[in-house]
Amino acid sequence: MLNQKNILETIEMIDKQHLDIRTITMGISLRDCAHPDAKRCCEKIYDKICKKAENLVKTGEDIEREFGIPIVNKRISVTPMSMVAESCETEDYVPFAVAMDSAAKSCGVNFIGGFSALVQKGFTIGDRKLIAAIPEALAQTEFVCSSVNIGSTRAGINMDAVAEMGRIIKATAERTKDRQGLGCAKLVVFCNAVEDNPFMAGAFHGVGEGECVINVGVSGPGVVYHALQGVKGAPFDVVAETVKKTAFQVTRMGQLVAREASSRLGVPFGIVDLSLAPTPAIGDSVARILEEMGLEVCGTHGTTAALALLNDAVKKGGVMASGHVGGLSGAFIPVSEDEGMIAAAREGTLTIDKLEAMTCVCSVGLDMIAVPGDTSADTISAIIADEAAVGMVNSKTTAVRIIPVPGAKVGDMMEMGGLLGSAPVMPVHAASSAAFIARGGRIPAPLQSLKN
Amino acid sequence: MRAIVTVTGKDTVGIIGGVCTRLSHYNINILDISQTVLQGYFTMTMVVDASQANVEFGELVKLMGDYGTERHLSIRVQREDIFDAMHKL
């Protein structure tokens with residue numbers, strides 16, 4: 001039997017600790033939209049998305065109202081567009097992004113992911129055309145998110161793609177320089193990308209997925225932070241147990257919402273993504289959880305260990321609460337979207353090098369990091385290569401979402417607003433990686449035994 | 001369908017009466033009530049049966065919320081499932 005304490009505890013989590021469902025994401029296959037005529041293909045893409053996701057936003061809002069739990073985002077992910085567009089007789093893939101954008105606007109969602117290509121081993125004709133179109137596509141559209149997978153544990157790292165993505169990120173920043181390079185906030189470079197990720201900007205509907213699916217991303221850094229405030233000074237065993245219990249509760253709620261959305265929309269339930277996703281709001285920060293464990297500022301020595309514990313405990317607690325767990329599942333550390341990370345980066349304790357170390361033990365990677373506008377494409381490529389190597393060797397997903405803010409210098413702030421937050425421009429190493437990136441080719445897949 | 005009604009705010013005369021009258025107006029049966037007043041702050045949770053309600057559940061949430069605003073109270077109506085999910089194995 002429920003008691004008043006339980007009820008009030010849940011309400012306090014929602015009201016004061018920012019407990020929410022971060023996203024309901026509908027994955028839609030567009031494989032049947034391929035057509036030799038690009039215009040016809042775009043029409044089919046628009047029509048199919050609008051038909052499938054017609055009731056997504058309304059259903060999300062209904063659930064939100066009836067259960068009294070905020071559902072922050074309703075989103076759509078689609079088949080990597082390079083595959084859908086490949087059979088079209090056209091050189092220009094920007095119209096496909098525009099079709100996605102129009103469909104997103106018609107459905108009322110706030111992001112659509114899947115302007116993507118998977119090139120971990122090599123490029124097809126469609127992959128090359130799609131990657132070339134990314135800067136213009138992100139400049140012309142409002143809601144489209146793009147991702148490119150350039151490496152995997154089984155295939156190694158495609159260093160030609162790494163080099164190309166450095167140039168594409170620079171071009172995207174330049175093409176959206178009137179908005180401080182905002183296009184780069186919607187572009188993710190992955191190693192070991194997952195097919196059922198509900199979170200943006202890296203969501204796409206993988207080729208192994210069904211026709212249409214509902215994936216849900218939960219959140220709750222504020223709830224974990226609050227729970228840890230109750231165990232000040234206790235040993236790490238107690239810390240881990242507390243995080244597990246909290247993650248269990250948060251995920252049970254995510255599972256309930258996922259099942260409800262799936263049944264109301266008549267679309268199969270895919271997965272719950274057990275991620276701790278911060279927002280720029282005070283009290284909803286992953287960095288503050290790490291600091292609550294005893295670190296003066298996030299980024300100082302001990303941060304990687306604290307994050308490893310947090311990430312593992314979130315998964316252990318969440319796994320039992322959900323029928324199917326998937327997506328990225330772990331603690332996110334996007335700098336611009338986390339109030340505590342922003343503060344730590346501004347005061348200089350949190351650096352890109354430390355963030356890179358942190359990504360060895362958590363989801364997902366160097367995320368939402370602003371760097372000076374004069375950072376070279378080679379340096380960005382080298383940052384991508386480092387991060388991809390972490391993912392490749394550790395058999396985990398890693399990603400880079402980096403913004404070389406045009407005209408900005410270290411210490412400047414890039415204001416994006418909303419969930420994207422604001423990013424302090426962080427320093428990168430000045431020494432050149434150009435000759436390293438110029439080699440091209442592929443870094444071979446790593447051994448999966450003799451692991452030390 | 002069972003729901004939880006939570007009422008919080010500064011204690012005044014007639015809160016319970018007012019809320020119960022409203023609920024009966026919408027044909028909602030009250031199954032259980034728990035209420036405390038701590039330093040003048042009123043908190044009440046109710047378990048109700050909304051299966052025979054004469055308004056849509058989403059509409060009920062809004063109507064009760066509006067009534068709360070009128071009375072300077074916070075009134076929320078939520079489906080019981082969310083609390084079960086979080087607190088029962």
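If you're wondering where the values come from, they're calculated on a predicted model, not measured in any experiment. (Residues numbered from 1 in each chain as written. Chains lettered and ligands numbered in written order. Predicted model: local features only at pLDDT ≥ 70, side-chain atom pairs only at ≥ 80, totals over all residues. Heavy atoms only, no water.)

Enquirer: Break down the domain arrangement of chain A for me, citing the residues and quoting the values.
Expert: Residues and elements named next belong to chain A. As far as domains go, chain A holds domain 1 (27–191) and domain 2 (215–439). The distance between the C-alpha centroids of domain 1 and domain 2 comes to 22 Å. Between domain 1 and domain 2 lies a buried interface of about 3100 Å² when both sides are counted; carbon and sulfur atoms form 72% of it. On the domain 1 side of the interface with domain 2, the three residues burying the most area are Lys170, Gln180 and Cys191, jointly 20% of the side's total. At the boundary of domain 1 and domain 2, one finds one salt bridge. A salt bridge links Glu66 to Arg264; its shortest N-O distance comes to 2.8 Å. (Domains from an automatic or database assignment. Buried area = accessible area lost by both parts, 1.4 Å probe. Salt bridge = Lys/Arg side-chain N within 4 Å of Asp/Glu carboxyl O.)

Enquirer: Give a detailed account of the packing of aromatic side chains, specifying residues and quantitative values.
Expert: Residue and element names in this part refer to chain A. Applying the stated criterion across every chain yields a total of two aromatic pairs over all chains. Between the aromatic rings of Tyr93 and Phe96, the centroid separation amounts to 5.3 Å while the plane-to-plane angle is 85°, which identifies the pairing as edge-to-face. As far as the burial class goes, Tyr93 and Phe96 line up, both buried. Ring centres of Phe199 and Phe332 lie 4.8 Å apart, and the angle between their planes is 80°; on these two criteria the pair is classed as edge-to-face. On the criterion of sequence distance, the pair formed by Phe199 in the loop between strand 6 (187–191) and strand 7 (212–218) and Phe332 in the loop between helix 11 (303–321) and helix 12 (339–346) is long-range, its members being 133 residues apart. (Phe/Tyr/Trp six-rings, centres within 6.5 Å; stacked < 30°, edge-to-face > 60°. Buried < 20%, exposed > 50% of the residue type's maximum accessible area, 1.4 Å probe, protein only. Helix = DSSP H or I, 4+ residues; strand = E, 2+ residues; numbered from the N terminus.)

Enquirer: Describe in detail the interface of chain B and chain A, supporting the description with residues and values.
Expert: Contacts between chain B and chain A engage 27 residues on the former and 26 residues on the latter. Buried surface at the junction of chain B and chain A, both sides included, amounts to about 2300 Å², of which 65% is carbon and sulfur. Sorting the residues of chain B by area buried against chain A places Arg79, Met86 and His87 of chain B first, and these three jointly supply 29% of that buried surface. Run the count over chain B and chain A and you get three salt bridges. A salt bridge links Arg79 of chain B to Glu66 of chain A; the shortest N-O distance between them is 3.3 Å. At the surface where chain B touches chain A, the tally comes to 10 residue pairs in polar contact (both at pLDDT 80 or more). Sorting the residues of the side of chain B that touches chain A by element identifies strand 1 (2–10), strand 2 (29–38), strand 3 (41–49), helix 2 (57–70), strand 4 (73–79) and helix 3 (81–87) of chain B as the ones contributing at least two each. Looking at the side of chain B that touches chain A residue by residue, the class counts come to 11 nonpolar, nine polar and seven charged. (Contact = heavy atoms within 4.5 Å. Polar contact = N/O pair within 3.5 Å; in protein donor to acceptor, adjacent residues only side chain to side chain. Nonpolar A, V, L, I, M, F, W, Y, C, P; charged D, E, K, R; others polar.)

Enquirer: Break down the pairing of strand 7 of chain A for me, citing the residues and quoting the values.
Expert: Two faces belong to every sheet, and in a regular strand the side chains alternate between them. All names here are of chain A. In terms of burial, strand 7 is a largely internal element, seven of the seven residues being buried. Neither face of strand 7 is exposed, since Cys212, Ile214, Val216 and Val218 on one face and Val213, Asn215 and Gly217 on the opposite face are all buried. The sheet contact formed by strand 1 (residues 21–28) and strand 7 spans seven bridges and is antiparallel. Note that in strand 7 the partner of Gly27 across the bridge is Val213. (Pairing = 2+ DSSP bridges.)

Enquirer: Give me the lowdown on the nonpolar core, citing residues and values where you can.
Expert: In this structure, Phe96, Phe115, Ile150 and Leu310 of chain A are the most contacted members of the largest nonpolar core, which totals 147 residues. With 10 residues, helix 9 (residues 236–265) of chain A is the single largest residue contributor to this core. Two domains each put at least three residues into this core: domain 1 (27–191) and domain 2 (215–439) of chain A. When residues no more than four places from it in sequence are discounted, the contact partners of Phe96 of chain A are Ala38, Cys41, Cys42, Ile45, Met81, Ala85, Cys88, Thr90 and Phe115 of chain A. Of all hydrophobic cores here, the second largest spans 21 residues; its members include Val5, Ile28, Met44 and Met46 of chain B. (Core = buried A, V, L, I, M, F, W, Y, C linked by side-chain atoms within 4.5 Å.)

Enquirer: Please give an account of the sheet that holds strand 2 of chain B that cites residues and values.
Expert: Residues and elements named next belong to chain B. Pairing is antiparallel in the open sheet, where four strands are placed in the order 2-3-1-4. Looking along the sheet, the strands with just one partner apiece sit at the ends: strand 2 and strand 4. Ignoring strand direction, the axes of neighbouring strands in this sheet form an average angle of 15°. Relative to strand 4, strand 1 is paired through seven bridges, and the arrangement is antiparallel. Of the residues in strand 4, the one forming a bridge with Thr8 is Ser74. (Axes fitted to C-alpha atoms, helices over the stretch in contact; angles between N-to-C directions.)

Enquirer: Account for helix 14 (residues 377–394) of chain A, naming residues and giving values.
Expert: All names here are of chain A. End to end, helix 14 covers 26 Å across 18 residues, agreeing with the expected 26 Å (1.5 Å per residue, within 8%). Buried residues dominate helix 14, accounting for 13 of its 18 residues. One or two positions beyond helix 14, positive phi appears at Ser395, with a value near 50°. (Expected span 1.5 Å × (residues − 1).)

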